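So you can see what is in the structure, the chains are spelled out below.
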Amino acid sequence: MPERLTLDCAGHRLRLDRPLIMGVVNVTPDSFSDGGRFATREGALDHARRLVADGADIIDVGGESTRPGAEAVPLDAELERVIPLIADVRAELDVPVSVDTSKPEVMRAALAAGAGMINDVNGLRAQGAIELVARSEAAVCVMHMQGTPRSMQQRPQYRDVVAEVGAFLSGRADALLARGVAPERIVLDPGFGFGKTLEHNIALFRGLPELTAIGYPLLIGVSRKSMIGALLGNRPVTGRLIGSVAAAMLAVHAGARILRVHDVRETADALAIQAALGERQTGEG
Ligand code: HH2
């Protein structure tokens, strides 16, 4: 399948001829990476401003932690956390806002508040989610997860993790196409750390070229994750920056087009060096 050149986010058209950075704004008290730091509306907006100034192409707003064992957040609380912030970011910053949610009610309200992308770690498996996205003009990131955040790390099992994740992702993309979603709105994500052991994550990472070949832009989220900590001798979250940036660059080399990261400036610097000194893409002359 030919490589897609643009990503349509409800009016915002992002070019994919260079890797894009999705900056994370977690409006949660309990996220594993930055829990509680941006839990107020003004603090979160300030953080979004900073990330855009640092080079974020998309802002991903999340109101429910998906770390292993996390408690589900009631609908009202999630709406209260994310909807005003989405409206604030849209009013002030010229980047598409993505909403990190698995709840159709939150998706609906986020779209009404101006979100240009739905980022669902549950792969649009909630009832009505896929139809809701199909009726909108937003982009959608479909992620693979085995189990639920509460249970996913208990005993993940695969016969062939790359083949199984690939089959799930292409099945979801086909389901979206069948409901009339244009391919330029679809992004796929293997879901690092979501129902995967370290060995599964490593196999999946090495299988990125195969997943890229499905034909949609791949989004990769490894920023500050425990796989980075494990590969660095059980390093705590605060010591995972360089490992995260190194992994992001390798992901780009393997074909990833969107990097979901907490450390936007450092990732943008690494990409700038890569663009200046790395191999030219074919067709660039
Ligand atoms: N990872 C997290 C959350 N959302 N979405 C996509 N598409 N891909 C990911 O890899 C991904 C994601 C987990 O990271 P974080 O948001 O920092 O933590 P928490 O879920 O604890 O808020």
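Up top you'll find the structure we're talking about.
Residues numbered from 1 in each chain as written. Predicted model: local features only at pLDDT ≥ 70, side-chain atom pairs only at ≥ 80, totals over all residues. Heavy atoms only, no water.

**Structural notes on the sheet that holds strand 8 (residues 186-189)**
For clarity, the cut-off: Strands pair, by our definition, only if DSSP identifies at least two bridges between them. Segments assigned H or I by DSSP are reported as helices when at least four residues long, segments assigned E as strands when at least two residues long, and all are numbered from the N terminus. Contacts: residue pairs with any heavy atoms within 4.5 Å of one another. Interaxial angles span 0 to 180 degrees and are taken between N-to-C directions of axes, which are lines fitted to C-alpha atoms, for helices over the stretch in contact.
Read across the open sheet, the eight strands follow the order 8-7-6-5-4-3-10-9; overall the sheet is parallel. In the strand order of this sheet, the two ends are held by strand 8 and strand 9 (219-220), each with one partner. The pairing of strand 9 with strand 10 (residues 258-261) spans two bridges and is classified as parallel. Paired with Ile220 across the two strands is Leu259, which belongs to strand 10. Of the strands in this sheet, strand 3 (20-26) and strand 10 are in contact with helix 10 (residues 264-277), which crosses strand 3 at around 170°.

**Some words on the nonpolar core**
What counts is decided by this rule: Only buried residues count toward a nonpolar core. Its members are Ala, Val, Leu, Ile, Met, Phe, Trp, Tyr and Cys residues joined through side-chain atoms within 4.5 Å. Between buried and exposed lies partly exposed: a residue is buried under 20% and exposed over 50% of the maximum accessible area for its type, with that area taken using a 1.4 Å probe on protein chains only.
Formed by 70 residues in total, the largest nonpolar core has its most connected members in Ile86, Leu124, Leu176, Leu188 and Leu208. In terms of residue count, helix 5 (residues 161-178) provides more of this core than any other element does, eight residues in total. Judged by nonpolar contacts, the second largest core, of 13 residues, contains Leu7, Leu20, Val187 and Leu219.

**Points about empty space enclosed by the protein**
This is how it is decided: Cavity and pocket criteria rest on a 1 Å grid covering protein atoms alone: a 1.4 Å probe that fits but cannot get out defines a cavity, protein on both sides within 12 Å along at least 5 of 7 lines defines an open pocket, and an atom within 4 Å of a point defines a lining residue. Grid points are joined across faces, edges and corners, and a volume is the space filled by probe spheres set on the points. Gly counts as polar in this scheme, as do all residues outside two lists: the nonpolar Ala, Val, Leu, Ile, Met, Phe, Trp, Tyr, Cys and Pro, and the charged Asp, Glu, Lys and Arg.
Applying the stated criterion across every chain, the model contains one cavity of 30 Å³ or more. The volume enclosed by the largest cavity comes to roughly 70 Å³. Taken together, Ile220, Val222, Ser223, Ser244, Val245, Ala248, Leu259, Arg260, Val261, Asp263 and Thr267 make up the full set of residues lining the largest cavity. Within the residue set of the lining of the largest cavity, elements represented by two or more residues are helix 9 (241-253) and strand 10. Residue composition of the lining of the largest cavity, grouped by class: six nonpolar, three polar and two charged.

**Digging into the site of the ligand**
The cut-off we apply is this: If a single non-hydrogen atom of a residue is within 4 Å of a molecule or strand, that residue counts as near it. Under this definition, polar contacts are N or O atom pairs within 3.5 Å; protein pairs additionally need one hydrogen-donor-capable and one acceptor-capable atom, and for neighbouring residues in sequence, both atoms have to be side-chain atoms. Each accessible area is a Shrake-Rupley estimate made with a 1.4 Å probe; only the visible protein chains count as cover when residues are assessed. To qualify as sitting in a cavity or pocket, a molecule needs more than half of its atoms within 2 Å of the grid points.
The ligand sits among 19 residues. The nearest are Ser31, Thr66, Asp189, Lys225 and His262. Within the contact set of the ligand, an oxygen atom lies 3.3 Å away from a side-chain nitrogen or oxygen of Asn26. In this structure, Asn119 approaches the ligand through a side-chain N or O atom, which is 2.7 Å from a nitrogen atom. For the ligand, the accessible surface in isolation is 480 Å², of which the surrounding protein chains cover 98%. The site holding the ligand turns out to be the second largest pocket. Here the residues of the shell around the ligand sort into six nonpolar, eight polar and five charged.

**Re the state of the cysteines**
Rules: A pair of cysteine sulfur atoms is labelled a disulfide when the two atoms are within 2.5 Å.
Using the criterion set out here, one finds zero disulfides in the structure. In this model Cys9 remains outside any disulfide bridge; the closest cysteine sulfur is found in Cys141, 11 Å from its own.

**Description of the layout of surface pockets**
It is the rolling of a water-molecule-sized probe over the atoms that shows where space remains empty. Of the volumes computed, that of the second largest pocket is approximately 500 Å³. Along the wall of the second largest pocket there are 31 residues; nearest its centre are Phe32, Thr66, Phe192, Phe194 and Lys225. Residues that form the lining of the second largest pocket fall into these classes: 10 nonpolar, 14 polar and seven charged.

**Regarding the packing of aromatic side chains**
Condition: Only rings of Phe, Tyr and Trp enter the pairing, Trp through its six-membered ring, and a pair is recorded when the two centres are within 6.5 Å. The plane angle decides the type: under 30 degrees is stacked, over 60 is edge-to-face, the rest tilted.
Within this structure, the stated rule accounts for one aromatic pair. Relative to Phe205, the ring of Phe192 lies with its centre 5.7 Å away and its plane at 50°, an arrangement referred to as tilted. Taken together, the residues Phe192 in the loop between strand 8 and helix 6 (198-206) and Phe205 in helix 6 connect sequence positions 13 residues apart.

Interpretation in functional terms is not warranted from these geometric data alone.
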